[in-house]
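# Tertiary structure, described
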Amino acid sequence: MRRRDAIKTLGAAAGASLMAPPIPAANAQSTRPAQGRRLEYVGWQVGLTYQTPGPAGLDRDYLMRLLDEMAQHRMNLLSLMMISYGYFDPQHDGYPWPVRNPKLECYRDRNATNADPSKEFVRKIIAEAEQRKIGVNLFMNWGIWNNERIRRSYPSASLQIIRANRPAGWLHCPDSPDAWQLGLDEVADLLDCYDLPNVRSYALERISYAGGSACYCDHTRRAFRQDVGIDIRKASTDRINAWKDARIAAYLKRYVEHVRKKRPNLPVWLHTQCAPGWGHDPAMLKQCGIDTLLPHVIQFPETKESLHRTWRRLAPNKLVLHFCCRDRRPANYKLWIKTPEIIAQAVDWTLAYPGDNLAGLLFFNETATSPANKQAVYEQIKRFEWS
């Protein structure tokens, strides 16, 4: 069977695997990569609570083992996902750090070990990563919040509304003043809590509209009429998308400026493929202060042509590929279940990309990746060079 057919068969087999701890460093092979494509970053993204076993999330020992394993394989980037959402993971919902702003207390995950001020350990992990020459990225998802919980402190925060006049899942609208303020408050609190030199970058997903079908909430309709002079429901798709691009660019610029009031010169990365209707125009993101894009890769079935087309469209922005290697699905999410063969094929396509804007590989989510898939990741990164 050809690899392409094997991948198609295996991808359709969509079975979920059990959670497993990291491969012990003692079992990993220390190897130097062969000559290959040069990158700046290679590493893991880890949900501190998202897709983790048990309500407490990860602990210090787990992450210490992972750091040793990463060092053994010369990885130089650890991204910590500092939010989980009950919609995709019913066992974990909210912030897994000891928030300081009392307004954010409503969304602290009280079950998470690291969210307990007396048990916080991520500061130690960040310092230990530095000893291993592993820089840390903090990652958040703007706007996917449990509306019932956040409204205790942000009572008018509103969900995005699609054309059919119903909510777009848990995604909130940036045009809603309380939702916008919550996003500013949470990142300020996170950066205050982890104001450490080895936090080398900050990344977020969203600050966007849900897509072509959203948003039609009162806030967005009012803003569109004020700017354009007509009802958004009567405007053309091209006119709406042009307005979205300009509006979201303004929001991103304000957000980046807010981040850099806390951490001047901190690189800010954006997790996006700049899908139509989101409001992310690749040509505008640099002037918003966005340093790097994190487009997701093989979250769902892809081809070499579709991946290369996306990466070319995102140029000249620098890309760190948000490379999904999970073989365990979240709730309410029809994730493509990965195999070692699928991971190898996607790396083949990455090596074959003719563009010059690829800067790294960030594999997601380590806690939902089987030992077999982790070993495939470690084998495949030998094909690249990085510092």
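Residues numbered from 1 in each chain as written. Predicted model: local features only at pLDDT ≥ 70, side-chain atom pairs only at ≥ 80, totals over all residues. Heavy atoms only, no water.

## Some remarks on the overall build of the chain
Which entries qualify depends on this criterion: Counting from the N terminus, the helices are DSSP H or I runs at least four residues long and the strands are E runs at least two residues long. With C-alpha atoms as the basis for the radius of gyration, the globule rule is written as 2.2 Å multiplied by the number of residues raised to the power 0.38. Here the term buried applies to any residue with accessible area under 20% of the maximum for its type, exposed to any over 50%, and partly exposed to those in between, with areas from a 1.4 Å probe on protein chains only. Whether two residues are in contact is decided by their heavy atoms: any pair within 4.5 Å suffices. Per-residue and other accessible areas were derived by the Shrake-Rupley procedure at a 1.4 Å probe size, with only the shown protein chains allowed to occlude residues.
When you go through the chain residue by residue, the secondary structure sums to 10 helices and 13 strands. Radius of gyration (C-alpha) of the chain: 20 Å, near the 21 Å computed for a compact globule of 387 residues. The C-alpha extent of the chain, read off along each of the three principal axes, is 60 × 50 × 40 Å. Considering the chain as a whole, with its 387 residues, one finds that 59% of them fall into the buried category. Of the contacts made within the chain by residues no fewer than 6 positions apart, 78% connect residues no fewer than 24 positions apart. Here the chain displays about 15800 Å² of accessible surface, and carbon together with sulfur accounts for 50% of that area.

## Focus on helix 6 (residues 218–228)
Note the threshold: When we speak of the arc, we mean the arc of directions from the helix axis to the C-beta atoms.
Three or more residues of helix 6 are buried, namely T220, A223 and F224. The buried residues of helix 6 occupy an angular sector of 100° when the element is viewed end-on, so they sit on one face. Projecting away from the buried face of helix 6 at angles above 90 degrees are the exposed residues D218, R222 and Q226. The positive-phi residue at the C-terminal boundary of helix 6 is G229, with phi of around 95°.

## Quick notes on the nonpolar core
Heads up, the condition is: Among buried residues, those of type Ala, Val, Leu, Ile, Met, Phe, Trp, Tyr and Cys that are joined through side-chain atoms within 4.5 Å constitute a nonpolar core.
In this structure, W44, Y95, L138, Y194, Y202, Y255 and F363 are the most contacted members of the largest nonpolar core, which totals 122 residues. The element contributing the most residues to this core is helix 7 (residues 237–262), with 9 residues.

## Topic: the side chain of N147
The condition is simple: Polar contacts here mean pairs of N or O atoms no more than 3.5 Å apart (in protein, one a potential hydrogen donor and the other a potential acceptor; neighbouring residues in sequence count only if both atoms are side-chain atoms).
By secondary structure assignment, the location of N147 is in helix 4 (residues 147–150). Looking at N147, its side chain comes within polar contact range of the side chain of H172, at 2.8 Å.

## Structural notes on unusual backbone geometry
In this model, A214 is joined to C215 through a cis peptide bond whose omega is 15°. For C215, the position within the fold is in the loop between strand 7 (199–206) and helix 6. The omega torsion of the bond from A315 to P316 falls at 10°, within 30 degrees of zero and hence cis. Tracing the backbone through its elements, the reader meets P316 in the loop between helix 8 (304–314) and strand 11 (318–324). Positive phi, normally seen in glycine, also occurs at I207, with a value near 45°. With respect to the helices and strands, I207 occurs in the loop between strand 7 and helix 6. A relative accessible area of 0% means that I207 is categorised as buried.

## Side note on the side chain of E302
Applied cut-off: Positive charge is attributed to Lys and Arg, negative charge to Asp and Glu, and no charge count is given to His or to the chain ends. Every case where a carboxyl oxygen of Asp or Glu lies within 4 Å of a side-chain nitrogen of Lys or Arg is listed as a salt bridge.
Examined against the element boundaries, E302 turns out to sit in the loop between strand 10 (296–297) and helix 8. Notably, E302 is buried but unbridged: the nearest opposite-charge side chain belongs to R309, and the N-O separation is 6.8 Å. Side chain to side chain, E302 and S306 meet in a polar contact 2.4 Å long. When near neighbours in sequence (up to four residues on either side) are disregarded, E302 contacts Q273, L307, W336 and W349.

## Examining the environment of Y85
Of note, Y85 is situated in the loop between strand 3 (77–81) and helix 3 (122–131). Note on Y85: relative accessible area 4%, which makes it buried. Between the C-alpha atom of Y85 and that of N146, which follows or precedes it by 61 residues, the distance is 7.1 Å. The contact partners of Y85, leaving out residues within four places of it in the chain, are Y50, H92, D93, N141, I144 and W170.

## Let's talk about the pattern of salt bridges
Opposite charge on two side chains makes pairing possible when the charged atoms of those side chains draw close. For the structure on display, the rule yields 19 salt bridges. A salt bridge links R108 to E105; the nearest nitrogen and oxygen atoms lie 2.8 Å apart. On the basis of relative accessible area, E105 is assigned to the partly exposed category, the value being 25%. The partner of K124 in a salt bridge is E128, and the shortest N-O contact between them spans 3.1 Å.

## Thoughts on the pairing of strand 7
To keep things clear, this is the line we draw: Strand pairing follows a simple DSSP-based rule, namely that at least 2 bridges must link the two strands.
Taking burial as the measure, the 8 residues of strand 7 include 7 buried ones, the bulk of the element. Summarising the sheet, strand 4 (residues 135–142) and strand 7 pair through 7 bridges and their orientation is parallel. By the bridge assignment, N137 is partnered in strand 7 with S201. One ladder, built from 4 bridges, connects strand 7 with strand 8 (residues 268–271); its direction is parallel. If you follow A203 over to strand 8, its bridge partner there is W269.

## A closer look at the packing of helix 8 against helix 9 (residues 340–352)
Put simply, the test is: An axis is simply a line fitted to the C-alpha atoms; with a helix, the fit covers only the stretch in contact. Between two such axes, the angle follows the N-to-C directions and lies from 0 to 180 degrees. When describing relative orientation, an angle under 35 degrees is termed roughly parallel and one over 145 degrees roughly antiparallel, while 65 to 115 degrees is termed roughly perpendicular and anything else oblique. Should the near helix be turned anticlockwise from the far one by less than a right angle, the crossing is left-handed, and should it be turned clockwise, the crossing is right-handed. Classes in brief: Ala, Val, Leu, Ile, Met, Phe, Trp, Tyr, Cys and Pro nonpolar; Asp, Glu, Lys and Arg charged; the others, Gly included, polar.
Here helix 8 crosses helix 9 at 45°, and the two axes come no closer than 10 Å. Looking at the two axes, helix 8 sits oblique to helix 9. Crossing of helix 8 against helix 9: the hand is right-handed. Between helix 8, through K304, L307, H308 and W311, and helix 9, the contact on the second element is made entirely by W349, T350 and A352. Considering only residue class, the contact of helix 8 with helix 9 consists of 4 nonpolar, 2 polar and 1 charged.

## A word on the confidence of the model for the chain
This is how the line gets drawn: Each residue gets a pLDDT score, which is the predictor's confidence in that residue and runs from 0 to 100.
Model confidence for the chain is summarised by a mean pLDDT of 92, while 91% of its residues fall at 70 or above. When mean pLDDT is compared element by element in the chain, strand 3 scores highest at 99, while helix 1 (residues 3–12) scores lowest at 33. Below a pLDDT of 50 lies the segment residues 1–34, which in the model reaches 63 contacts outside its immediate sequence neighbourhood of four places, other chains included.

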